[in-house]
Amino acid sequence: MMKRFVPLILFAALYCSCNNDQQSTDKPLNQSATLIQQFKPIIQGVWVKKDYIKKVKKSKSPLEAAEKSKGITLMQIDTQKMSGENIAVPLIRDNHEAGKETLTFEPGRNTTTIMFGKDELSYKLKKDTTLIIYHYNADTRETDLNQYIKVSDKAPASGFAAGMDVAINQAIIAGRYEGTDASGKKIAVTFTDDGKVSGLPGLSTYFVQNYFGAHPESGHDQLIFNQGAPGQKVYSFILHKKALRLYNDAAQIKSNKPSFTLNRKR
């Protein structure tokens, strides 16, 4: 009996060992808790596409920067809305198309990324934090990346999409100005980060147009005042150094006779 019993014990031990090895191979250790601890304090906020807003600031023209407004241009990561290991991320593509993506605290192709839909997300810590989205093309075996900088920790009161407006306003328009109207009358005008304006008679809000459709080359940069409200007014604008000129129409631009000539003070 003993001779038969010992091999059975050995077989059972070997089976359990192999089965445990198989389980460890099939089910890798759950890294979600570690990734949540690593990423969660960093990724909170409203994020804008870095090369787009840099182009807006350098050119002083959303129209000229339109070529950089492809793909995801704005997104909000709200870590308070995490469900399990996931966060639903509202986003804007091409500066006008609303959508959503799922951020999952699972490792990507390496230990420095987590899954963002079919893409991957990482970050870079320097003076300012930068988020990076990596897109791997299986056909070409190449990886593209886009970088994002933070606009704010929380969405503006009017919704996260207004984060793009804040970023553009801060980059080129917001500030105090002094200048004249078409008659030569002196005026003092203030544009705030959140789209408020004072000093222009009858106008209280402003919006910098940032979507120009399929043919951006056919238009002009525009400021829309009192958008969607009584007294809405659209001006084309040209911003050169610290001088902001507002034009009623193309004829004014051609003749260089602006309705308002404003010079930034700070």
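Given the structure is predicted, the values throughout are model-derived calculations rather than measurements.

Student: Which residues make up the sheet that holds strand S5 (residues 114-116), and what values go with them?
Tutor: Strand order in the closed barrel formed by eight strands is S1-S2-S3-S4-S5-S6-S7-S8, with antiparallel pairing between adjacent strands. Across the sheet, the mean angle separating the axes of adjacent strands is 35 degrees when strand polarity is ignored. The pairing of strand S6 (residues 119-125) with strand S7 (residues 129-137) spans six bridges and is antiparallel. Pairing of Leu-125 across the sheet is with Thr-129, part of S7. Here helix H2 (residues 32-43) sits on the sheet and contacts strand S1 (45-49), strand S2 (72-77), strand S4 (97-107), S5, S6, S7 and strand S8 (142-152); the angle it forms with S4, its principal contact strand, is near 135 degrees. Helix H3 (residues 50-59) contacts S1, S7 and S8 of the sheet and is inclined by roughly 65 degrees relative to S1.

Student: Got a sec to walk through the environment of Leu-125? Specific residues and values, please.
Tutor: Summarising the element assignment, Leu-125 is placed in strand S6. The exposure class assigned to Leu-125 is exposed, which follows from its relative accessible area of 53%.

Student: Outline the packing of aromatic side chains, listing residues and values.
Tutor: Here the distance between the centres and the angle between the planes together describe a pair of aromatic rings. Considering all chains together, one arrives at six aromatic pairs under this definition. Judged by centre distance (5.2 Å) and plane angle (85 degrees), the rings of Phe-39 and Tyr-123 are edge-to-face. You can see Phe-39 sitting in helix H2 and its partner Tyr-123 sitting in strand S6, a full 84 residues away along the chain. Classification of Phe-39 as buried rests on a relative accessible area of 0%. Seen from their ring centres, Phe-191 and Phe-225 are 6.4 Å apart, and the 45 degrees between their planes marks the pair as tilted. Here Phe-225 lies in strand S13 (residues 222-225) and Phe-191 lies in strand S10 (residues 186-191), a separation of 34 residues in the sequence. With a relative accessible area of 0%, Phe-225 lands in the buried category. Put simply, the rings of Tyr-177, Phe-191, Tyr-206, Phe-225, Tyr-235 and Phe-260 touch in pairs and so form one group of aromatic residues. If you follow Arg-109 out to its NZ or CZ, it ends over the ring of Tyr-136, 4.0 Å from the centre.

Student: Lay out the sheet that holds S13 with the relevant residues and their values.
Tutor: Taken in spatial order, the eight strands make up an open sheet running S11-S10-S9-S16-S15-S14-S13-S12, and their pairing is antiparallel. Pairing within the sheet leaves two strands with one partner each, and these edge strands are strand S11 (197-198) and strand S12 (206-208). Judged from the four bridges that link them, strand S15 (residues 243-247) and strand S16 (residues 260-264) form a sheet pairing that is antiparallel. Considered in S16, the bridge of Leu-244 is made with Leu-262. In the packing of helix H4 (residues 162-173) onto the sheet, contacts are made with strand S9 (175-181), S10, S12, strand S14 (233-240), S15 and S16, and the angle to S12 comes to roughly 90 degrees.

Student: Account for H2, with residues named and values stated.
Tutor: Compared with an ideal rise of 1.5 Å per residue, which puts twelve residues at 16 Å, H2 spans 15 Å between its outermost C-alpha atoms and is within 8% of the ideal. For H2, the complete set of buried residues consists of Ser-32, Leu-35, Ile-36, Phe-39, Ile-42 and Ile-43. The buried residues of H2 occupy an angular sector of 155 degrees when the element is viewed end-on, so they sit on one face. Along H2, exposed side chains directed more than 90 degrees from the buried face belong to Ala-33, Thr-34, Gln-37 and Pro-41. Positive phi shows up at Gly-45, right after H2, with a value of about 135 degrees.

Parameters and conventions
Residues numbered from 1 in each chain as written. Predicted model: local features only at pLDDT ≥ 70, side-chain atom pairs only at ≥ 80, totals over all residues. Heavy atoms only, no water. Pairing = 2+ DSSP bridges. Helix = DSSP H or I, 4+ residues; strand = E, 2+ residues; numbered from the N terminus. Axes fitted to C-alpha atoms, helices over the stretch in contact; angles between N-to-C directions. Contact = heavy atoms within 4.5 Å. Buried < 20%, exposed > 50% of the residue type's maximum accessible area, 1.4 Å probe, protein only. Phe/Tyr/Trp six-rings, centres within 6.5 Å; stacked < 30°, edge-to-face > 60°. Lys NZ or Arg CZ within 6 Å of the ring centre and 35° of its normal. Expected span 1.5 Å × (residues − 1). Arc of directions from axis to C-beta.

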